[in-house]
Amino acid sequence: MSTSKAKAKAKVKAPQLSDQGTWNHNTLSGCLMMIPQTEIQQTYSRFQNELQTLAGKIGELEQEAEEHTLVLATLDEALAKEPDRKCFRLIGGVLVERTVKEVVPALRMNRDGIRKVVTTLTDQIKAKEQEFENFKREYNIRVVQRA
C-alpha cells in the first residue's frame, strides 16, 4: 500500500452530527454508534418529567410535615395542661377518639418519618439532576430561551 493511501486511512474523521441523530461512543463495544435524535429528545423529556415529579412530591411532603408541626404546636399546649383531654384523629378515613397524650407521640413519629422521606427524595433529586447534567454535557445539549 502506498504511503498516501495509508495517510488517507489514518485521517478518517469522526462523523458529523445530523438531524438524524448523534454519534456516541459505546463503552461496551468500543465503537461509535448513531443515537437517534428522537431517542435523545425522549430521554431529555423523561429526565425533565422525573425531576418535576420528584420536586412535586417533595413539596407535597414538606407541606404535610408543616401541617403536622402546626397541629403538634397546638396539641403541645393541651398536653401540658390537660394530657387526658379528648381529641380526634383521622386514621385511614376513620375518625377515632383518643387522648392528647396518645396522639402527640404518634404525630411526632409521623412527622419525623415524613422528614426522613423528604431527605431521601432530596438526595434522589440531586443525583438525578447530576445525571441529567451529565446527559446534557455528553450530547452537547444547550437550552435555548425563547422570547
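Residues numbered from 1 in each chain as written. Predicted model: local features only at pLDDT ≥ 70, side-chain atom pairs only at ≥ 80, totals over all residues. Heavy atoms only, no water.

> Residue-level account of the pattern of salt bridges, with values.
For the structure on display, the rule yields nine salt bridges. Where Lys128 meets Glu50, a salt bridge forms, and the shortest distance between an N and an O atom there is 2.8 Å. Taken as a pair, Lys128 in helix α3 (residues 100-138) and Glu50 in helix α2 (residues 37-81) lie far apart in primary sequence, 78 residues in all. Given the relative accessible area of 18%, Lys128 is considered buried. The partner of Glu131 in a salt bridge is Lys128, and the shortest N-O contact between them spans 3.8 Å. In this pair, Glu131 and Lys128 both sit in helix α3, three residues apart, roughly one turn of the helix. (Salt bridge = Lys/Arg side-chain N within 4 Å of Asp/Glu carboxyl O. Helix = DSSP H or I, 4+ residues; strand = E, 2+ residues; numbered from the N terminus. Buried < 20%, exposed > 50% of the residue type's maximum accessible area, 1.4 Å probe, protein only.)

> Report on the pairing of strand β4 (residues 94-99), specifying residues and quantitative values.
Bridging between strand β3 (residues 86-91) and β4 involves six bridges; their strand directions are antiparallel. Its bridge partner being in β4, Arg89 is matched across the sheet by Val96. Linking β3 to β4, which pair antiparallel, is a turn of two residues; within it Gly92 sits at a positive phi near 60 degrees. (Pairing = 2+ DSSP bridges.)

> An account of unusual backbone geometry is needed here, citing residue identities and associated values.
Of note, Asn140 is a non-glycine position whose phi angle comes to about 50 degrees, a positive value. Tracing the chain through its elements places Asn140 in the segment after α3.

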